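One-letter residues, chain by chain:
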Amino acid sequence: MVSGSVGNPPLPVLQDARSPAEGRVDPGSDDRAVLRAMQAGGGLRLLGLRVVIVLVLLMAAQAYDGSLHALSHWLILGLYGLGTVWFGLGERSGGPRAEAYSWAGTLLNAGLAVYVIIEHMLAGGGAGLGADAVSRLPAFLLLLQTGLSMRVAQTLLFCGLVTACWSAAFLVGVLYPELFPGPDTFPTAQITGLATFAAAGLLVVDGTTRLRAAVTRALRMEHERTQLARFVPDTVALDLAAEDGDSALGVHRRHACLMILDIRGFSRLSREHPPEAMVTALLAVRAVAQAAVSEQGGVADKYIGDAVLAQFVFGQPGAQAQAALACTLSIRRRMAALNAARAREGLFTLRLVVALHAGDLLVGVFGDGVRAEYTVLGPAMNALARIETQAKAAEIEVAASGDFLDLLDGALPAGLRAVPVPQARLPEPLALFALAA
């Protein structure tokens, strides 16, 4: 049992007992893990998208060539095509330079978008809707490509560079209209395009940020569910992983109903019977407990000598208490059948003591870097041990705390009543009750 103060005071802050490598989560490594997960299997698609964008730009330039110097225009597009494919291949190959290739590709994209926009301004921006659309096409296509890379910082950089350069060129055109043809339509056309790009950039950045946050949460849930599924049923693992908890520790603050049972007089029986007989009896009791606990959606947390610790953490507190009580009654029925079978075989019978309690706990997988286990920690565990001790002293088969009975709201099964045990030595505000027929 875990020591601590009785009752249900606020839980103490849990100190991380794991090794630095396991217990401390590096935010940067988490971010890289999210990025790898989101880009898994998408490397070829992103590279293919780069090629498609280059082809679209080439076709658009062929249809509306607004360049001042056609040869330089085609040369720049060709160099961009080679550069973006080169950076894409370098990024996809991984390694320490992959991040540098990614940033370089973003800067190249921003440079091309700015080049085409300013080139069109100098060639008569605003003079034709078709040409205007083609000049802005690279900015929007490359914005989408950068956003699909799922790198928020690079998307912000792309949006910032294009918006800043576009705004600067627009201001120059307003101050020196003789530099740009079409002064009548120039301001309106550029303001509209700039505002549209800025709005689209905000939407892409917001969408990428939200998507990354959702994937981060999904990965955390999956990691915790995988960890928990080693110890608990999938329904409990999913329930715990779905709620917010300390992701660095992998634990959650939860309300739980606790049940502990052990074999009465086990030490005496061990002196009177051979070890093989005691092992057989112990395994039979564990099988009974495991079947009853699983039947009610609980978790058989630990086998401690002749004791079994079970917990019910799924659902609302009232439902937890109902499940724990139903489990207890099922254990009594199963033990009656087991003892009847043992008596027919001439074996000694077994008596159990069961204690029930409820309270707030820390629930999760705890590890020290070498060994990990699923368990619950908190003051309610210590209170459960005290209740069990008093139940044994008072010769009570099934004992429950007042906190546990409060969750039932008086809804005891027919033929069962709660009898106070005033002589029990329990600290305030704990109260002991015997559940008797």
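Here's a quick rundown of the structure. If you're wondering where the values come from, they're calculated on a predicted model, not measured in any experiment.

About the cut-offs
Residues numbered from 1 in each chain as written. Predicted model: local features only at pLDDT ≥ 70, side-chain atom pairs only at ≥ 80, totals over all residues. Heavy atoms only, no water. Helix = DSSP H or I, 4+ residues; strand = E, 2+ residues; numbered from the N terminus. Buried < 20%, exposed > 50% of the residue type's maximum accessible area, 1.4 Å probe, protein only. Contact = heavy atoms within 4.5 Å. Areas by Shrake-Rupley, 256 points an atom, 1.4 Å probe, with all protein chains shown as cover. Phe/Tyr/Trp six-rings, centres within 6.5 Å; stacked < 30°, edge-to-face > 60°. Lys NZ or Arg CZ within 6 Å of the ring centre and 35° of its normal. Axes fitted to C-alpha atoms, helices over the stretch in contact; angles between N-to-C directions. Left-handed = near helix turned anticlockwise from the far one by under 90°. Nonpolar A, V, L, I, M, F, W, Y, C, P; charged D, E, K, R; others polar. Salt bridge = Lys/Arg side-chain N within 4 Å of Asp/Glu carboxyl O. Core = buried A, V, L, I, M, F, W, Y, C linked by side-chain atoms within 4.5 Å. Parallel < 35°, antiparallel > 145°, perpendicular 65-115°, else oblique.

### A look at the overall build of the protein
Tallying secondary structure elements over the protein gives 14 helices and 8 strands in all. Going through the 437 residues of the protein one by one, you find that 43% of them count as buried. Taking contacts inside the protein between residues at least 6 apart in sequence as the whole, the part at least 24 apart equals 73%. Of the roughly 21,500 Å² that the protein leaves accessible, carbon and sulfur atoms contribute 63%.

### Observations regarding the packing of aromatic side chains
The final tally for this structure, using the stated rule, is 3 aromatic pairs. Ring centres 5.6 Å apart and planes at 80 degrees place the aromatic pair Phe-140 and Phe-197 in the edge-to-face group. Taken together, the residues Phe-140 in helix 6 (residues 129-148) and Phe-197 in helix 8 (residues 186-229) connect sequence positions 57 residues apart. Judged by relative accessible area, which is 27%, Phe-140 ranks as partly exposed. Overall, the relative accessible area of 1% leaves Phe-197 in the buried class. Centroid distance Trp-166 to Phe-197: 6.1 Å. Interplanar angle 45 degrees. Geometry classified as tilted. Note that Trp-166 is positioned in helix 7 (residues 152-175) and Phe-197 in helix 8, a separation of 31 residues in sequence. Each residue in the set Phe-140, Phe-158, Trp-166 and Phe-197 is aromatic and connected to the rest through ring pairs, giving one cluster. The aromatic ring of Phe-348 is capped on one face by Arg-342, whose charged end is 4.6 Å from the ring centroid.

### Points about the packing of helix 11 (residues 275-295) against helix 12 (residues 317-344)
As a packed pair, helix 11 and helix 12 sit with axes 9 Å apart at the nearest point and diverge in direction by 145 degrees. Between helix 11 and helix 12 the crossing geometry is right-handed. Note on element contacts: helix 12 touches helix 11 through Cys-327, Ser-330, Ile-331, Arg-334, Met-335, Leu-338 and Arg-342, opposite Ala-281, Ala-284, Val-285, Val-288, Ala-289, Ala-291, Ala-292, Val-293 and Glu-295. Of the residues contributing to the contact of helix 11 with helix 12, the split by class is 12 nonpolar, 1 polar and 3 charged.

### Some words on the pattern of salt bridges
Summed over all chains, the structure comprises 8 salt bridges. Here Arg-268 makes a salt bridge to Glu-272, at a shortest N to O gap of 3.2 Å. With Arg-268 and Glu-272 both in helix 10 (residues 266-272) and 4 residues apart, the pair spans about one turn of that helix. Using a relative accessible area of 41% as the deciding quantity, one classes Arg-268 as partly exposed. Overall, Glu-272 belongs to the partly exposed group, its relative accessible area being 48%. One network of salt bridges, in which partners are shared, links Asp-262, Glu-388 and Lys-392.

### Details of the nonpolar core
Counting residues in hydrophobic clusters, the biggest one holds 40 residues, and the most contacted among them are Met-259, Leu-261, Ile-331, Leu-356 and Phe-404. At 9 residues, the largest contribution of residues to this core is made by helix 12. When residues no more than four places from it in sequence are discounted, the contact partners of Leu-356 are Leu-258, Met-259, Ala-324, Thr-328, Leu-384, Ile-387, Val-398, Ala-399, Ala-400, Ser-401, Phe-404 and Leu-435.

### Let's talk about the packing of helix 5 (residues 98-122) against helix 7
Closest axis-to-axis distance for the helix 5/helix 7 pair is 9 Å, and the angle between their directions is 25 degrees. One element, helix 5, and the other, helix 7, form an angle in the roughly parallel class. For the crossing formed where helix 5 meets helix 7, the hand is right-handed. Note on element contacts: helix 7 touches helix 5 through Ala-153, Gln-154, Leu-157, Phe-158, Leu-161, Val-162, Cys-165, Trp-166, Ala-169 and Phe-170, opposite Glu-99, Ser-102, Trp-103, Thr-106, Leu-107, Asn-109, Ala-110, Ala-113, Val-114, Ile-117, Ile-118 and Met-121. Partitioned by chemical class, the residues of the contact of helix 5 with helix 7 number 17 nonpolar, 4 polar and 1 charged.

All we've got here are geometric facts, nothing functional implied.
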